[in-house]
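# Secondary and tertiary structure notes
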Amino acid sequence: MIVYFDVGYGFPHKQCEPEMRRYMLRWPCRMRPIFRLTLSIALLTLRVKAYGRTPDVAQESNSWVQEHLLNPESRPPFSFVYGRQASQSLLKQWPRTTATKQLDTGRTEHTVVWTDPKTHLRVHFAAVEYADSHAVEWNISFANNGSSDTLVLEGIQALDISVPVTGQRIPTVNYSRGCGGMDTYALRKQPLNQLESFHLANRDGGKTVDTIPFFDIQMDGRGMIGAIGWPGTWAISFSRPTEHTIEVSAGMQRTHLVLHAGEEIRTLQVLLLPWSGDDIDAHNVLRRHVLKYHAPHYDGKPVVLPVSHLGWGGMKTSTSLHLLDQITNERIGFETFWMDAGWYGADREVAEFQVFGREDWFLHAGNWRVNTVAHPDGLKPISDAVHAKGMKFLLWFEPERAVVGTPLTISHPDWFIGEEGTNFEGNDARPFVKFRLFDFGNPAARRFMIDSMSDLITTQGIDIYRQDCNFALAPFWSQNDSHDREGITEIRYVEGLLEFWDELRRRHPQLILDIVQRGDLETISRAVDLSRADYPVSPDADPIGNQVSTVGLAYWRPHYGTLQQIRPKDTYHFRSGFAPGLGFALFNVAGTKDQIGKFIPPDFPFDWLRIQVEQLKQIRPYYYGDYYPLSPCSENTNCNTAQNEERSAAFEWAAWQFNRPDQGDGMIQAFRRDKSPDRANEFRLRGLDPAAIYKVSDFDGNVATTISGADLMLKGLHVEIADAPGATIIIYKRI
């Protein structure tokens with residue numbers, strides 16, 4: 001990889017060039033070079049200032065709060081139907097009380113309460129305004145303060161607003177895919193013409209497979225970022241009924257219920273961030289907000305995601321201890337020993353690796369006792385060895401599902417909801433099983449699960465509690481609802497699930513929760529996601545999948561982890577998986593029968609791997625900085641197609657920058673994919689100090705150089721990668 005910079009004196013504003021040149025011709029010939037140099041420097045400075053300008057979110061947010069929250073004549077930013085009447089007309093008639101409270105120097109809470117004088121339904125709206133990010137967040141709750149059932153409450157939309165259309169271009173809704181295949185978290189842009197509509201949804205209520213609950217409505221230099229918190233079903237709708245207005249709403253998939261006397265429910269958490277200026281700058285305001293208010297903190301700092309060694313739960317204690325000795329003796333730098341599914345259930349012989357299509361872990365879900373055939377003394381000998389080597393111990397669970405016939409389904413059938421049968425993953429060669437949903441909305445069941453998991457955390461020495469969810473939850477919730485209580489099971493379940501996670505953290509303050517691929521605000525506020533997608537763990541996964549995921553997910557939030565299979569000496573593949581957290585194994589712990597079964601080969605390139613892990617740790621802090629996609633998939637590229645198609649992402653480069661303006665440093669990752677004919681590329685950096693000088697170097701041994709911030713932002717950084725595929729990592733520091 002070669003990095004160099006070409007300095008020249010050109011006119012930075014193309015539309016101004018003709019007039020400038022005509023003016024320059026009036027100068028004597030000997031003076032024209034001086035004029036050209038002086039004018040170019042002046043315009044360069046102006047352009048740097050404009051290019052680095054942050055969005056005017058303060059003005060946008062304050063005006064939005066005044067209009068939508070504090071103005072009694074305004075339309076509330078939510079809606080519902082009560083007794084077949086729309087809330088917009090009802091709330092104008094109901095008595096209203098308001099209050100404002102300063103929570104701390106950075107947060108102000110506004111509350112508005114309406115009460116129906118006839119049925120005593122109380123609507124409580126609580127919004128928090130953030131001074132640093134100028135985001136607004138709120139939640140609505142409904143309570144029956146009467147002595148009898150309320151009328152039917154339905155169509156609850158925790159978000160229901162109109163966004164004015166400005167500018168000349170067609171507005172677009174920016175969003176990201178869910179945790180699916182190779183295009184996991186890929187950024188998407190949906191144009192919204194007049195009379196068109198568009199929807200994002202998580203209909204299953206578990207993992208966000210199709211899309212994540214973040215969006216940005218973009219217009220000319222203006223937009224509205226939004227996000228939802230709700231680890232259940234949700235739907236976000238966008239429509240443009242007129243040329244000048246976009247209607248946005250969000251709520252559960254369905255609500256149609258009465259509230260009993262004294263009963264109260266809550267709704268989705270909503271975040272809005274209106275902005276004007278540059279959309280990438282606005283998203284960095286969002287990232288900073290998420291990092292401060294929606295990322296788990298330990299000892300006053302955001303969680304550090306680990307470098308983990310993956311292991312299958314069926315791997316015997318003796319094998320695990322041998323592996324621990326080897327990876328620590330080789331000083332690879334692992335920080336967590338990860339034990340996935342397969343460690344629990346009835347005492348039996350199990351395979352030490354996950355053979356796709358043959359494993360039996362799903363047959364024992366819900367029986368959270370250690371299989372003493374694989375682990376005669378429990379898991380404590382493993383966790384003790386892990387801790388002695390300065391690492392954390394991660395253990396996998398799936399507490400929301402239980403196979404029918406496991407002990408708890410027999411002793412407490414009332415603690416479960418519904419029943420489904422399946423050949424796991426649709427594989428007819430696998431046993432047909434029935435399973436049920438553990439009811440986190442049941443207080444007695446929830447207390448039992450809290451106590452049981454807390455006891456396992458203590459007795460087995462668990463540092464990272466990993467919660468997976470491999471089935472759709474919504475069908476179970478709907479099975480349990482009556483016709484006049486549609487949505488109540490899900491609401492109580494979500495409330496209980498959040499309480500379960502909060503209580504585990506309360507009892508174990510240093511415990512890290514790893515909640516798999518849910519991705520909503522409520523979940524990421526409490527937990528990390530060390531495996532943002534399953535796709536990269538497959539032995540034959542394309543590394544482009546990890547690259548696309550970073551480009552898309554970093555647009556919305558700063559903390560996430562990823563997985564990958566090891567490919568010795570394949571630096572391009574390994575660097576594609578660089579993320580705030582990374583998990584991998586030194587051999588294939590999962591795959592087909594032909595792909596697994598080999599332990600660490602004697603010629604494994606440990607020196608190469610040590611360098612890769614150390615490089616990841618060196619750049620890991622940068623991932624919490626500001627993010628700038630330098631070369632995402634172009635608009636004519638289909639990022640999830642096969643590599644033999646011309647529009648495949650394999651023909652392009654990928655590059656991004658993470659910048660820490662307070663520290664004056666950052667890094668660039670660049671990838672030349674295997675079918676790209678371009679040996680070199682130019683990348684204009686963002687967020688730098690134009691007056692500063694930066695030392696620029698890379699991880700591949702090229703000579704460091706010094707470049708001005710203005711040059712890096714306007715002329716750009718020239719990057720060459722000789723190999724296809726190839727990858728480079730460049731770091732810079734203000735000097």
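The notes below deal with the structure included here.

Criteria and cut-off values
Residues numbered from 1 in each chain as written. Predicted model: local features only at pLDDT ≥ 70, side-chain atom pairs only at ≥ 80, totals over all residues. Heavy atoms only, no water. Helix = DSSP H or I, 4+ residues; strand = E, 2+ residues; numbered from the N terminus. Contact = heavy atoms within 4.5 Å. Salt bridge = Lys/Arg side-chain N within 4 Å of Asp/Glu carboxyl O. Buried < 20%, exposed > 50% of the residue type's maximum accessible area, 1.4 Å probe, protein only. Pairing = 2+ DSSP bridges. Axes fitted to C-alpha atoms, helices over the stretch in contact; angles between N-to-C directions. Phe/Tyr/Trp six-rings, centres within 6.5 Å; stacked < 30°, edge-to-face > 60°. Lys NZ or Arg CZ within 6 Å of the ring centre and 35° of its normal. Arc of directions from axis to C-beta. Parallel < 35°, antiparallel > 145°, perpendicular 65-115°, else oblique. Nonpolar A, V, L, I, M, F, W, Y, C, P; charged D, E, K, R; others polar. Polar contact = N/O pair within 3.5 Å; in protein donor to acceptor, adjacent residues only side chain to side chain. Expected span 1.5 Å × (residues − 1). Left-handed = near helix turned anticlockwise from the far one by under 90°.

### Some words on the overall build of the chain
- From N to C terminus, the chain includes 16 helices and 42 strands.
- A fraction of 72% describes how many contacts in the chain between residues 6 or more apart in sequence connect residues 24 or more apart.

### A look at the pattern of salt bridges
- Enumeration over the complete set of coordinates arrives at 41 salt bridges.
- Ionic pairing is found between R169 and D220, a salt bridge with its closest N-O pair at 3.0 Å. With R169 in the loop between β9 (159-164) and β10 (172-176) and D220 in the loop between β13 (214-219) and β14 (222-229), this residue pair connects regions lying 51 residues apart in the sequence.
- Taking the relative accessible area as the measure of exposure, R169 reaches 34% and is therefore partly exposed.
- A salt bridge links R686 to D278; the nearest nitrogen and oxygen atoms lie 3.1 Å apart. Note that R686 is positioned in the loop between β38 (680-683) and β39 (693-698) and D278 in the loop between β19 (269-276) and α5 (279-293), a separation of 408 residues in sequence.
- Residue class for D278 comes out partly exposed when judged on its relative accessible area of 24%.

### Quick word on the sheet that holds strand β22 (residues 307-311)
- Here seven strands make up an open sheet; going across it, the order is β31-β29-β25-β23-β22-β33-β32 and the pairing parallel. This sheet does not close on itself; its edge strands, each paired only once, are β31 (512-515) and β32 (561-563). Taken over all neighbouring pairs, the strand axes of this sheet differ in orientation by 25 degrees on average, direction set aside.
- Across three bridges, β22 lies against strand β33 (residues 581-584) in parallel orientation. Residue pairing across strands places H309 opposite F584, the latter belonging to β33.

### Quick look at the sheet that holds strand β15 (residues 234-242)
- Spatially, β9-β16-β15-β12 is the arrangement adopted by the four strands of the open sheet, whose pairing is antiparallel. Only two strands of the sheet have a single partner each, and these edge strands are β9 and β12 (197-202). On average, each strand axis in the sheet is inclined to that of its neighbour by 15 degrees, with strand direction left out of account.
- Bridge count for β12 against β15 is six bridges, and the pairing is antiparallel. Across the sheet, residue S197 finds its bridge partner in β15, namely S239.

### Points about unusual backbone geometry
- A cis geometry characterises the amide bond from A724 onward to P725, with omega recorded as 5 degrees.
- Residue position: P725 is located in the loop between β41 (717-720) and β42 (726-734).
- Not every positive phi belongs to a glycine, and H120 is a case in point at roughly 65 degrees.
- Within the fold, H120 resides in the loop between β5 (107-115) and β6 (121-130).
- Residue H120 is classed as partly exposed on the basis of its relative accessible area of 37%.
- In the Ramachandran plot, K569 falls in the positive-phi region, its phi being about 70 degrees despite a non-glycine side chain.
- Counting through the fold element by element, K569 comes out in the loop between β32 and α14 (571-576).
- You can call K569 exposed: its relative accessible area is 62%.

### Focus on the packing of aromatic side chains
- Overall, the coordinates contain 43 aromatic pairs when judged by the stated rule.
- An angle of 25 degrees between the planes, with centres 5.1 Å apart, marks the rings of F397 and Y465 as stacked. On the criterion of sequence distance, the pair formed by F397 in strand β25 (residues 392-397) and Y465 in strand β29 (residues 464-467) is long-range, its members being 68 residues apart.
- Between F604 and F606, the aromatic rings sit 4.9 Å apart at their centres with planes inclined by 50 degrees, giving tilted as the arrangement.
- Lying across the ring of F435, R401 places its NZ or CZ 5.0 Å from the centre.

### Observations concerning helix α7 (residues 380-388)
- Residues of α7 that are buried: I382, S383, A385 and V386. Seen from one end, α7 has its buried residues packed into an arc of 160 degrees, which puts them on one side.
- Among the structural elements, α6 (317-329), β23 (336-339) and β25 are those in contact with the buried residues of α7.
- Of the residues one or two after α7, G390 is the one with positive phi, at around 75 degrees.

### Some points on the packing of α6 against α7
- α7 packs onto α6 with a crossing angle of 5 degrees between their chain directions and a minimal axis gap of 10 Å. Relative to α7, α6 is oriented roughly parallel. Two secondary-structure elements touch here, α6 through T317, S320, L321 and L324 and α7 through P381, I382, A385 and V386.
- Looking at the contact of α6 with α7, its residues break down into six nonpolar, two polar and no charged.

### Considering the side chain of N284
- If you trace the backbone, N284 turns up in helix α5.
- A polar atom in the side chain of N284 sits 2.6 Å from the backbone nitrogen of Y627.
- Excluding its chain neighbours within four sequence positions, the residues that come into contact with N284 are D626, Y627 and Y628.

### Describing the pairing of strand β40 (residues 705-708)
- As paired elements, β39 and β40 share four bridges and run antiparallel to each other. Residue pairing for β40: I693 is matched across the bridge by S708.
- Adjacent in sequence and paired antiparallel, β39 and β40 are bridged by six residues, among which G701 carries a positive phi angle near 85 degrees.

### Examining helix α15 (residues 606-619)
- Helix length check: α15 (14 residues) gives 20 Å between terminal C-alpha atoms against 20 Å at 1.5 Å per residue, within 8%.
- All of the buried residues along α15 are F606, W608, L609, R610, Q612, V613, Q615, L616 and I619.
- Buried residues in α15 make contact with β22, α6, α14, β33, β37 (665-672) and β42.

### So, the environment of P164
- Its location among the elements puts P164 in strand β9.
- Linking P164 and R240, residues 76 residues apart in sequence, is a C-alpha distance of 10.0 Å.
- Other than its neighbours up to four places away in sequence, P164 contacts M219 and H244.

### Considering the environment of F448
- Following the sequence through the fold, F448 ends up in helix α9 (residues 443-459).
- With 33 residues separating them in the primary sequence, F448 and W415 have C-alpha atoms 9.9 Å apart.

### Structural notes on the side chain of H559
- Position of H559 relative to the elements: it lies in the loop between α13 (544-553) and β32.
- Engagement of the side chain of H559 in a polar contact is seen with the backbone oxygen of I524, the distance being 3.2 Å.
- Not counting the four nearest positions on each side in its chain, H559 is found in contact with V290, H294, A295, P296, L305, I524, A527, V528 and Y624.

### Description of the packing of α9 against helix α11 (residues 488-507)
- The interhelical angle for the contact between α9 and α11, taken along N-to-C directions, is 35 degrees, at an axis separation of 10 Å. The two elements α9 and α11 meet at a crossing, and its hand is right-handed. Note on element contacts: α11 touches α9 through G496, E499, F500, E503, L504 and R507, opposite R446, M449, I450, D451, M453, S454 and I457.

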